[in-house]
Amino acid sequence: MVSKLSESIKMLLNLSKLVVLLVVILFSESFAKKEIKKVSCDYTEFNRKTNTSYFYGNVKIELENGYVLCDKAVYKRSDEELLCESNVYCVIFSTKDNSKLEVRSSYLKYNVAQKIIVFDTNVNALYEQNSAARKENEFRIIKLWSQELILNIAQEQMFAKKDVLVESENNKIVCVTAKYFLKDKILEINNEDIADNNMLEITSGSAKFKFRTCTSKTAKIDISSEKIFLNGSVRIVF
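Residues numbered from 1 in each chain as written. Predicted model: local features only at pLDDT ≥ 70, side-chain atom pairs only at ≥ 80, totals over all residues. Heavy atoms only, no water.

**Comments concerning the overall build of the protein**
For step 1, the next point in the chain: Secondary structure assignment for the protein yields one helix and 16 strands.
For step 2, the next point in the chain: Buried positions account for 36% of the 238 residues belonging to the protein.
For step 3, the next point in the chain: When the accessible area of the protein is evaluated, it comes to approximately 13,900 Å², of which 52% is carbon and sulfur surface. (Helix = DSSP H or I, 4+ residues; strand = E, 2+ residues; numbered from the N terminus. Buried < 20%, exposed > 50% of the residue type's maximum accessible area, 1.4 Å probe, protein only. Areas by Shrake-Rupley, 256 points an atom, 1.4 Å probe, with all protein chains shown as cover.)

Right, here's the structure in full:
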């Protein structure tokens with residue numbers, strides 16, 4: 001009787017080890033072929049029914065082209081969705097132009113399949129291009145504040161919404177929306193559907209743009225060619 005009980009306990013232990021090993025393998029494979037490569041934290045939980053992983057305390061998520069730090073993260077494997085909250089700090093590197101994007105926010109939502117990251121609430125971003133790779137007429141640093149920032153990695157676009165403030169060298173832009181196209185070095189301002197009374201304002205202390213302030217409904221800035229296109233109720237102070 002004792003020997004049979006001992007054998008049963010051994011079988012249960014082996015089965016438990018097998019289940020744990022299987023969970024680890026499945027969890028590892030969920031990241032192996034994705035943008036998310038590795039996750040480290042103080043404490044983790046895994047819900048097999050919902051195929052969801054929870055991470056708590058000193059969370060670090062290593063991505064294909066950067067990393068995310070936060071206090072809490074949830075990864076829904078079935079939806080390929082990563083949710084982060086509390087003290088979110090994200091760094092994205094680009095090898096195409098040797099640039100780095102640093103973003104701080106209260107929340108982060110990453111659609112891994114579509115390669116779209118949404119930063120929400122108290123967003124503070126810093127885009128910096130390596131001086132060696134930068135052309136003479138390009139800005140080295142762009143700072144941005146907003147309540148929402150959408151980073152489309154696949155299309156190389158940044159879209160800021162709500163209470164947007166953009167600063168670059170001696171230039172400042174206050175607007176409702178700002179969309180930056182990395183490939184073309186184009187910044188579109190207030191080109192989305194917004195109220196007619198939401199005017200944008202550009203203040204320049206740089207000799208590049210030859211004016212002090214300007215206001216309009218919409219604007220497009222071609223950074224490479226140093227051109228600004230204004231549209232709607234334009235007012236310029238030289």
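After that view, the rundown keeps rolling.
**Topic: the nonpolar core**
For step 1, the next point in the chain: With 46 residues, the main nonpolar core has I61, C84, L108, F119, L149 and I189 as its most contacted residues.
For step 2, the next point in the chain: Excluding residues within four positions of it along the chain, C84 makes contact with I61, V68, C70, K72, A73, S106, Y107 and L108. (Core = buried A, V, L, I, M, F, W, Y, C linked by side-chain atoms within 4.5 Å. Contact = heavy atoms within 4.5 Å.)

**Some thoughts on the pattern of salt bridges**
For step 1, the next point in the chain: A full pass over the atoms with the stated rule returns five salt bridges.
For step 2, the next point in the chain: Put simply, K37 and E64 hold a salt bridge, and the shortest N to O gap is 3.3 Å. A residue pair is termed long-range when its members are at least 10 positions apart, and K37 in strand β1 (residues 36-40) and E64 in the loop between β3 (52-63) and β4 (66-76) qualify at 27 residues.
For step 3, the next point in the chain: A residue is classified by how much of its surface remains accessible, and E64, at 48% relative accessible area, is partly exposed.
For step 4, the next point in the chain: A salt bridge links E148 to K162; its shortest N-O distance comes to 3.9 Å. Pair noted here: E148 is in strand β8 (residues 141-152) and K162 is in strand β9 (residues 157-168), with a separation of 14 residues, a long-range link.
For step 5, the next point in the chain: The network of salt bridges with common partners includes E148, K161 and K162. (Salt bridge = Lys/Arg side-chain N within 4 Å of Asp/Glu carboxyl O.)

**Details of the confidence of the model for the protein**
For step 1, the next point in the chain: Predicted confidence across the protein gives a mean pLDDT of 78, with 76% of residues reaching 70 or more.
For step 2, the next point in the chain: Scored below 50 in pLDDT, residues 4-33 makes eleven contacts in the model with residues more than four places away or belonging to other chains. (pLDDT = per-residue confidence, 0-100.)

**So, a nonpolar patch on the surface**
For step 1, the next point in the chain: On the surface, a cluster of nonpolar side chains totalling about 310 Å² of accessible area is made up of V234, I236 and F238.
For step 2, the next point in the chain: Among the secondary structure elements, F238 is positioned in the segment after β16 (235-237).
For step 3, the next point in the chain: On the accessibility criterion, F238 (66% relative accessible area) is exposed. (Patch = residues over 30% accessible without salt bridge, like charges linked within 9 Å, V, L, I, M, F, W, Y side chains within 5 Å.)

**Some words on the environment of I189**
For step 1, the next point in the chain: As for its position among the elements, I189 is in strand β11 (residues 186-189).
For step 2, the next point in the chain: A residue is classified by how much of its surface remains accessible, and I189, at 0% relative accessible area, is buried.
For step 3, the next point in the chain: Between the C-alpha atom of I189 and that of L230, which follows or precedes it by 41 residues, the distance is 9.5 Å.
For step 4, the next point in the chain: The residues touching I189, leaving out its near neighbours within four places in the chain, are I173, C175, T177, L200, I202, K217, T218, A219 and I221.

**What to know about the packing of aromatic side chains**
For step 1, the next point in the chain: Across all of its chains, the model carries three aromatic pairs by this definition.
For step 2, the next point in the chain: Ring geometry for Y67 versus Y89: centroids 6.4 Å apart, planes at 65 degrees, classification edge-to-face. Of the two residues, Y67 is situated in strand β4 and Y89 in strand β5 (residues 81-94); the sequence distance between them amounts to 22 residues.
For step 3, the next point in the chain: Above the plane of the ring of Y67 lies K60, whose end atom (NZ or CZ) is 5.3 Å from the centre.
For step 4, the next point in the chain: Above the face of the F159 ring, K179 is positioned so that its terminal group lies 4.8 Å from the ring centre. (Phe/Tyr/Trp six-rings, centres within 6.5 Å; stacked < 30°, edge-to-face > 60°. Lys NZ or Arg CZ within 6 Å of the ring centre and 35° of its normal.)

**Concerning the side chain of S168**
For step 1, the next point in the chain: Assignment of secondary structure puts S168 in strand β9.
For step 2, the next point in the chain: Given the relative accessible area of 8%, S168 is considered buried.
For step 3, the next point in the chain: Separated by 3.1 Å, the side chain of S168 and the backbone oxygen of I141 make a polar contact. (Polar contact = N/O pair within 3.5 Å; in protein donor to acceptor, adjacent residues only side chain to side chain.)

**Observations concerning the pairing of β4**
For step 1, the next point in the chain: Pairing analysis gives ten bridges linking β3 to β4, with the strands arranged antiparallel. Residue pairing across strands places Y56 opposite K72, the latter belonging to β4.
For step 2, the next point in the chain: Two successive antiparallel strands, β3 and β4, enclose a turn made up of two residues.
For step 3, the next point in the chain: In the sheet, β4 pairs with β5 via nine bridges, with the strands oriented antiparallel. Bridge pairing in β5 links Y75 to L82.
For step 4, the next point in the chain: In textbook terms, the turn of a hairpin is the stretch between consecutive antiparallel strands, and for β4 and β5 this stretch comprises four residues, one of which, E80, has a positive phi near 50 degrees. (Pairing = 2+ DSSP bridges.)

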